[in-house]
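The chain contents come next:
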Amino acid sequence: MHNCEGCTACCKVLKIRELDKPGNTWCQHCKIGVGCGIYETRPESCRVYECIWLQTQRMSRPIPFELRPDKSRVVIGTTNQGEDVVLYVTPDRPDAWQSKAFRAGVLDDLLRRNITVYVSCEDKLQKI
Ligand code: SF4
Ligand code: SF4
């Protein structure tokens, strides 16, 4: 089973309430591509967060390792209600969710299952 080790993509794209960290900015505690510099005392938001790539690693059909967020450049999350999917991308790779590999490995399946999918780039949310 694959895990987060060496990814750290969510430590950039997501807002972290407790740290006043805005989205699309590296967390000051992040050792980029290595892990959390304050792992033992990291905030609750970080403790509980698992992107959908990570969640599927425990399932019968995990999203491939090649599409882990540091490689695909897409962090897959959900809306607050947990019903809809949000693909978090960064301004340097705003079209990362449109890659052939991401479509074939993730997006096509979501759309086939009639799941509502949004793309979030900086603070702009766009339904696809
Ligand atoms: S984006 Fe997902 S796989 Fe990457 S560090 Fe965050 S939770 Fe782990
Ligand atoms: S505190 Fe650690 S886990 Fe949380 S965003 Fe910063 S580097 Fe990532």
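Conventions adopted
Residues numbered from 1 in each chain as written. Chains lettered and ligands numbered in written order. Predicted model: local features only at pLDDT ≥ 70, side-chain atom pairs only at ≥ 80, totals over all residues. Heavy atoms only, no water. Helix = DSSP H or I, 4+ residues; strand = E, 2+ residues; numbered from the N terminus. Rg over C-alpha atoms; globule rule 2.2 N^0.38 Å. Buried < 20%, exposed > 50% of the residue type's maximum accessible area, 1.4 Å probe, protein only. Contact = heavy atoms within 4.5 Å. Areas by Shrake-Rupley, 256 points an atom, 1.4 Å probe, with all protein chains shown as cover. Lys, Arg positive; Asp, Glu negative; His and termini not counted. Charge placed at Lys NZ, Arg CZ, Asp CG, Glu CD. Near = heavy atom within 4 Å. Nonpolar A, V, L, I, M, F, W, Y, C, P; charged D, E, K, R; others polar. 1 Å grid on protein atoms, 1.4 Å probe; cavity = no way out; pocket = protein on both sides within 12 Å on 5 of 7 lines; lining within 4 Å. Points joined across faces, edges and corners; volume = space filled by probe spheres on them. Pairing = 2+ DSSP bridges. Axes fitted to C-alpha atoms, helices over the stretch in contact; angles between N-to-C directions. pLDDT = per-residue confidence, 0-100.

### Things to note about the overall build of the protein chain
Working step 1: Helix and strand content of the protein chain: 5 helices and 6 strands.
Working step 2: Ordered by position from the N terminus, the helices and strands of the protein chain form the series α-β-β-α-α-α-β-β-α-β-β.
Working step 3: Since a compact globule built from 128 residues should have a radius of gyration of about 14 Å, the 14 Å found for the protein chain is in line with a globular shape.
Working step 4: C-alpha extents for the protein chain along the principal axes are approximately 40 × 35 × 30 Å.
Working step 5: Per-residue burial for the protein chain yields a buried fraction of 38% across its 128 residues.
Working step 6: Long-range pairs, those at least 24 residues apart, make up 48% of the contacts in the protein chain between residues at least 6 apart in sequence.
Working step 7: Of the roughly 8000 Å² of accessible surface on the protein chain, a fraction of 49% belongs to carbon and sulfur atoms.
Working step 8: Of note, the protein chain has its 19 positive side-chain charges centred 3 Å away from the centre of its 16 negative side-chain charges.

### Section: the site of ligand 2
Working step 1: Around ligand 2, the structure places Cys 11, Ile 16, Leu 19, Cys 27, His 29, Cys 30, Cys 36, Ile 38, Pro 43 and Cys 46.
Working step 2: Of the residues contributing to the shell around ligand 2, the split by class is 9 nonpolar, 1 polar and no charged.

### Considerations on the layout of surface pockets
Working step 1: The volume enclosed by the second largest pocket comes to roughly 430 Å³.
Working step 2: Along its surface, the second largest pocket is lined by 19 residues, and Thr 56, Ile 63, Asp 109, Leu 110 and Arg 113 are the ones closest to its centre.
Working step 3: Every element with two or more residues in the lining of the second largest pocket is listed here: α3 (52-56), β3 (75-78) and α5 (100-112).
Working step 4: Of all the elements, α5 adds the most residues to the lining of the second largest pocket, at 6 residues.

### With respect to the sheet that holds strand β4 (residues 85-89)
Working step 1: With respect to topology, 4 strands assemble into an open sheet ordered β3-β4-β5-β6, the strand pairing being mixed. Looking along the sheet, the strands with just one partner apiece sit at the ends: β3 and β6 (124-127). Here the average twist between neighbouring strands, direction ignored, is 30°.

### Things to note about the environment of Gly 6
Working step 1: Positionally, Gly 6 belongs in the segment before α1 (10-13).
Working step 2: As for Gly 6 and Lys 31, which are separated by 25 residues in sequence, their C-alpha atoms are 9.1 Å apart.

### As for the confidence of the model for the protein chain
Working step 1: Across the protein chain, pLDDT averages 94, with 99% of residues at or above 70.
Working step 2: Mean pLDDT across the elements of the protein chain ranges from a minimum in β6, with 92, to a maximum in helix α4 (residues 69-72), with 98.

### Side note on the site of ligand 1
Working step 1: Close contacts around ligand 1 come from Cys 4, Cys 7, Thr 8, Cys 10, Cys 51, Trp 53 and Pro 69, and that covers them all.
Working step 2: A per-class count over the shell around ligand 1 returns 6 nonpolar, 1 polar and no charged.

### Some details on the pairing of β6
One face of the sheet, then the other: side chains in a regular strand alternate in exactly this way.
Working step 1: Sheet topology note: the strand β5 (residues 117-121)/β6 ladder contains 4 bridges and is antiparallel. If you follow Tyr 118 over to β6, its bridge partner there is Lys 127.

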